[in-house]
Amino acid sequence: MKRFLIKIFLFFILFFSFIKISENITFKIDERYILIYDNVWGSIYNPVIEQCNNNPTITGDGSKINIEKASELRWVAISQDMLYCIYRQKLINDSTDNRYKGKIKYGDTIWIDSPYNNINGIWIVHDTKNKRYSGSIDFLQTLNDGSLYDNNPLWSGKFENIKIYKYNKNLINNLS
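Heads up: these notes are all about the structure in this document. Note that the structure is predicted; figures quoted are calculated from it, not measured.

### Focus on the overall build of the chain
Tallying secondary structure elements over the chain gives four helices and eight strands in all. The order of helices and strands in the chain, counted from the N terminus, is α-β-β-β-α-β-α-β-β-β-β-α. Residues counted as buried form 39% of the 176 residues belonging to the chain. Restricting to contacts in the chain with at least 6 residues of sequence separation, those with at least 24 account for 67%. Accessible surface, the chain as shown: approximately 10700 Å² in total, 52% of it carbon and sulfur.

See below:
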């Protein structure tokens, strides 16, 4: 029970480890996070057939998307080269294929650090992108919600210079 309480306490510290600098929120990254991907590019996706598949409200890990509140979920889809999934590796059965040999699993909580304050912070991995994409991430948003790019009509459609951090589970395991 003591270990569980320590883990819960550390988890809450994680969420309250940010500091506010001026009007924009900048998140403090420390030893609790490990940089796993640098210089990633990203975009936004909506749970619609044109951008997903014939069942756009179900993610790659089987989670159901509430299309009315998709922006509130803070879920992402990552490229297949960044996802680690033994089951899917076996389906491909090709040792030269880099898909599903990444450093992130479905359900992992990741920390985004980028020049774009609206995407910075905690996101949860629930989906993967089409195999034609690599080194990239998509941020799930409700259709017609432009809040991640401040509804700027001149936005290019692409976020660049994204860093992806993963919570250092070994730090918590060493404390228990």
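There is more to say after this.
### With respect to the nonpolar core
Ranked by internal contacts, the top residues of the largest apolar core, which has 22 residues, are Ile110, Ile112, Ile137, Phe139, Ile162 and Ile164. Going through the elements one at a time, strand S3 (33–45), strand S4 (75–78), strand S5 (109–113), strand S6 (121–128), strand S7 (136–140) and strand S8 (159–167) are the ones with two or more residues in this core. Residue contributions to this core peak at four residues, all from S3. Not counting chain neighbours up to four residues away, the residues in contact with Ile162 comprise Tyr37, Asp38, Asn39, Val40, Trp41, Gly42, Ile112, Asp113, Ser114, Ile119, Ile137 and Phe139.

### Brief notes about the sheet that holds S8
Taken in spatial order, the six strands line up as S3-S7-S4-S6-S5-S8 and close into a barrel, and their pairing is mixed. The sheet shows a mean angle of 50° between the axes of neighbouring strands, direction not considered. Pairing analysis gives four bridges linking S5 to S8, with the strands arranged antiparallel. Looking across to S8, one finds that Ile112 is bridged to Ile164.

### A few points about the pattern of salt bridges
The full count for this structure, using the stated rule, is three salt bridges. Across the pair Arg99 and Asp97 runs a salt bridge, and its minimum N-O distance is 2.9 Å. Using a relative accessible area of 17% as the deciding quantity, one classes Asp97 as buried. Taking the shortest distance from any N to any O, the salt bridge between Lys166 and Asp108 comes out at 3.1 Å.

### Things to note about unusual backbone geometry
The backbone of Tyr100 sits at a positive phi, close to 65°, despite the residue not being glycine. Mapped onto the fold, Tyr100 is located in the loop between helix H3 (86–92) and S5. A relative accessible area of 7% places Tyr100 in the buried class. We note that Asn151 has phi near 55°; this positive angle belongs to a residue other than glycine.

### Brief notes about the packing of aromatic side chains
Enumeration according to the criterion identifies eight aromatic pairs in this entry. For the ring pair Tyr33 and Tyr167, a centre distance of 5.8 Å and an interplane angle of 70° mean the geometry is edge-to-face. Within this pair, whereas Tyr33 is found in strand S3, its partner Tyr167 is found in strand S8, the two being separated by 134 residues in sequence. Geometrically, the ring pair formed by Trp155 and Phe159 is tilted, given 4.9 Å between the ring centres and 45° between the ring planes. The partly exposed category is assigned to Trp155, whose relative accessible area is 23%. Relative accessible area serves as the criterion here: at 1%, Phe159 is assigned to the buried category. Cluster of aromatic residues (ring-pair linked, three or more members): Tyr116, Trp123, Phe139, Tyr149, Trp155 and Phe159. The ring of Trp123 is capped by Arg74, whose NZ or CZ atom sits 4.0 Å from the centre of that ring. When the ring centre of Trp41 is taken as reference, the NZ or CZ atom of Lys158 above it lies at 5.0 Å.

About the cut-offs
- Residues numbered from 1 in each chain as written.
- Predicted model: local features only at pLDDT ≥ 70, side-chain atom pairs only at ≥ 80, totals over all residues.
- Heavy atoms only, no water.
- Helix = DSSP H or I, 4+ residues; strand = E, 2+ residues; numbered from the N terminus.
- Buried < 20%, exposed > 50% of the residue type's maximum accessible area, 1.4 Å probe, protein only.
- Contact = heavy atoms within 4.5 Å.
- Areas by Shrake-Rupley, 256 points an atom, 1.4 Å probe, with all protein chains shown as cover.
- Core = buried A, V, L, I, M, F, W, Y, C linked by side-chain atoms within 4.5 Å.
- Pairing = 2+ DSSP bridges.
- Axes fitted to C-alpha atoms, helices over the stretch in contact; angles between N-to-C directions.
- Salt bridge = Lys/Arg side-chain N within 4 Å of Asp/Glu carboxyl O.
- Phe/Tyr/Trp six-rings, centres within 6.5 Å; stacked < 30°, edge-to-face > 60°.
- Lys NZ or Arg CZ within 6 Å of the ring centre and 35° of its normal.

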